[in-house]
Amino acid sequence: MTALLEVSNLHVEFDTYGGIVKALRGVDFSVESGQTLAIVGESGSGKSVAMQSVTGLIPMPPGRITAGSAKLRGKEFLGQRKLDGKTICGDEIGMIFQDAMSSLNPTMCIGDQIAETLEVHRGYSRSKAFSRAIELLDLVRIPEAARRAKQYPFEFSGGMLQRVMIATAIACKPSLLIADEPTTALDVTIQAQILDLLQSLQKETGMAIVLITHDLSVVARMADRVAVMYAGQIVESGSVEDIFYRSAHPYTLGLKLAMPSHSGGEDHRLRPIPGSPPDMFSPPAGCAYCERCDRAMRVCQSDNPPIFTLDEGHLSRCWQQHPQHTGASEGLYKKATAHIDEVQA
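Source: prediction; values computed, not measured.

Caption draft 1: Structural view of the nonpolar core. Of all hydrophobic cores here, the largest spans 61 residues; its most connected members are Leu5, Phe77 and Leu176. Per element, the largest residue contribution to this core is 6 residues, and it comes from strand 2 (residues 19-31). What Phe77 contacts, discounting residues up to four positions off in sequence, is Leu5, Val54, Ala70, Lys71, Leu72, Leu83, Ile88 and Ile93. Residues Val140, Ala149, Cys172 and Met207 belong to the second largest nonpolar core, which totals 41 residues.

Caption draft 2: Representation of the packing of aromatic side chains within the structure. Taken as a whole and judged by the stated rule, the model has 4 aromatic pairs. For the ring pair Tyr230 and Tyr251, a centre distance of 4.6 Å and an interplane angle of 50° mean the geometry is tilted. In this pair, Tyr230 sits in strand 11 (residues 225-230) while Tyr251 sits in helix 11 (residues 250-257), placing the two residues 21 residues apart along the sequence. The class of Tyr230 is buried, set by a relative accessible area of 2%. With a relative accessible area of 0%, Tyr251 lands in the buried category. Measuring from centroid to centroid gives 5.3 Å for Tyr230 and Tyr289, while their planes differ by 90°, and the two rings are edge-to-face. Here Tyr230, found in strand 11, pairs with Tyr289, found in the loop between helix 11 and helix 12 (298-302); they are 59 residues apart in sequence, far enough to count as distant. For the pair shown, Tyr230 and Tyr289 are each scored as buried. Following the ring pairs from residue to residue traces out a cluster consisting of Tyr230, Tyr251 and Tyr289. One residue, Lys128, lies across the ring of Tyr124, its end atom 4.4 Å from the ring centre. In this arrangement the basic side chain of Arg148 is found over the ring face of Phe156, its NZ or CZ atom lying 4.3 Å from the centre.

Caption draft 3: How the structure looks around the pattern of salt bridges. All told, the structure shown has 12 salt bridges when counted by the stated rule. The closest approach of N and O atoms between Glu13 and Arg64, which form a salt bridge, is 3.0 Å. In this pair, Glu13 is assigned in strand 1 (residues 5-16) and Arg64 in strand 4 (residues 63-72), connecting sequence segments 51 residues apart. By relative accessible area, Glu13 is classed as buried at 16%. Of the residues examined, Arg64 reaches a relative accessible area of 29% and is grouped as partly exposed. Measuring nitrogen to oxygen at the nearest pair gives 3.1 Å for the salt bridge that ties Glu42 to Arg292. One end of the pair, Glu42, is in the loop between strand 3 (36-40) and helix 1 (47-54); the other, Arg292, is in the loop between helix 11 and helix 12, and 250 residues separate them in sequence. Overall, the relative accessible area of 22% leaves Glu42 in the partly exposed class. Three or more residues joined by partner-sharing salt bridges are found here, namely Glu13, Asp15, Lys22 and Arg64.

Caption draft 4: Highlighting the sheet that holds strand 9 (residues 176-180). Read across the sheet, 8 strands follow the order 8-9-10-3-11-12-14-13 without closing on themselves; strand pairing throughout is mixed. Strands at the two margins of the open sheet, each flanked by one partner only, are strand 8 (93-96) and strand 13 (308-311). When strand polarity is set aside, the average angle formed by the axes of neighbouring strands in this sheet is 20°. Bridge analysis of strand 3 against strand 10 (residues 208-213) gives 5 bridges, and the strand direction is parallel. The residue bridging Leu37 from the neighbouring strand is Val210, located in strand 10. Sitting on the sheet, helix 1 touches strand 3, strand 8, strand 9, strand 10 and strand 11, and the angle it makes with strand 10 is about 145°.

Caption draft 5: Here's a closer look at the side chain of Gln202. Within the secondary structure layout, Gln202 lies in helix 8 (residues 188-205). Exposure remark for Gln202: the relative accessible area of 10% places this residue in the buried category. Excluding residues that lie within four positions of it along the chain, Gln202 makes contacts with Gly34, Gln35, Thr36, Met207, Ala208 and Ile209.

Definitions and cut-offs
- Residues numbered from 1 in each chain as written.
- Predicted model: local features only at pLDDT ≥ 70, side-chain atom pairs only at ≥ 80, totals over all residues.
- Heavy atoms only, no water.
- Core = buried A, V, L, I, M, F, W, Y, C linked by side-chain atoms within 4.5 Å.
- Buried < 20%, exposed > 50% of the residue type's maximum accessible area, 1.4 Å probe, protein only.
- Helix = DSSP H or I, 4+ residues; strand = E, 2+ residues; numbered from the N terminus.
- Contact = heavy atoms within 4.5 Å.
- Phe/Tyr/Trp six-rings, centres within 6.5 Å; stacked < 30°, edge-to-face > 60°.
- Lys NZ or Arg CZ within 6 Å of the ring centre and 35° of its normal.
- Salt bridge = Lys/Arg side-chain N within 4 Å of Asp/Glu carboxyl O.
- Pairing = 2+ DSSP bridges.
- Axes fitted to C-alpha atoms, helices over the stretch in contact; angles between N-to-C directions.

Listed below in structure tokens is the structure:
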């Protein structure tokens, strides 16, 4: 079965005054129609850059794609604005950006901003586009949609602005929706409403979702598959069950152990990952996580590990998964799994 979106060996660099930042170093992932892929990792790992590169949203210069492939329904489109006569970003792929307030024009009413998308990408008349904008606001459950469509961004709460962003992103019925930290700065009640809305829209339209997030609780609730990013590479990928209950990479285990739980006691204390991510001006020759890993070996310092297949669809970039490695301790694995059970409870 051909994946809706398939990205292979993606390399992206940025020219800066301090040198060349190697933001992505061979990223591979795919997502199928109706599926939710969560991309997880700490700030600076390359999550947003990966999706902005695919959609042509990184500024070039200073950014540049030095290698890689991106296919939509099996057709190459990396570096192109259109595919089969349709604009890729807008028609085929919708995007929800991190900060709704800064992504909307404060001088235009909400209805006009949504309508503009339909005028540009679908050729709607102004009146038809505005009427459709009202329908979209109603679809994302904004009350009194006709009245609210004539209001400006400053008249909306953070949660309502996020709904406006979703309405704009799905206006052209994209086959793929990229949600970049869609619940940032929202309280837990509104966060739950936004996530429920995304799931409901996915069921109605059959679109795929790529969810970029730091929050593992959101991942557990939303995702079918998960890709864990670190220092411009995907270090582990698999089903949500693989990542939460059969974690293989030490970084994934570290993320899980750093999650807060409801129980007290020594076994449930937060375990922050020590150290800092590597300098992406000069990434290490070996494993990027080596300096922070309490199970690093000599080979980790000198050689970047390849991707090892642990099970069907479960991949890990760690020398401990080498078939000849037998010294991996099970203690941390068991502790992380017990911790995640407590968090979800």
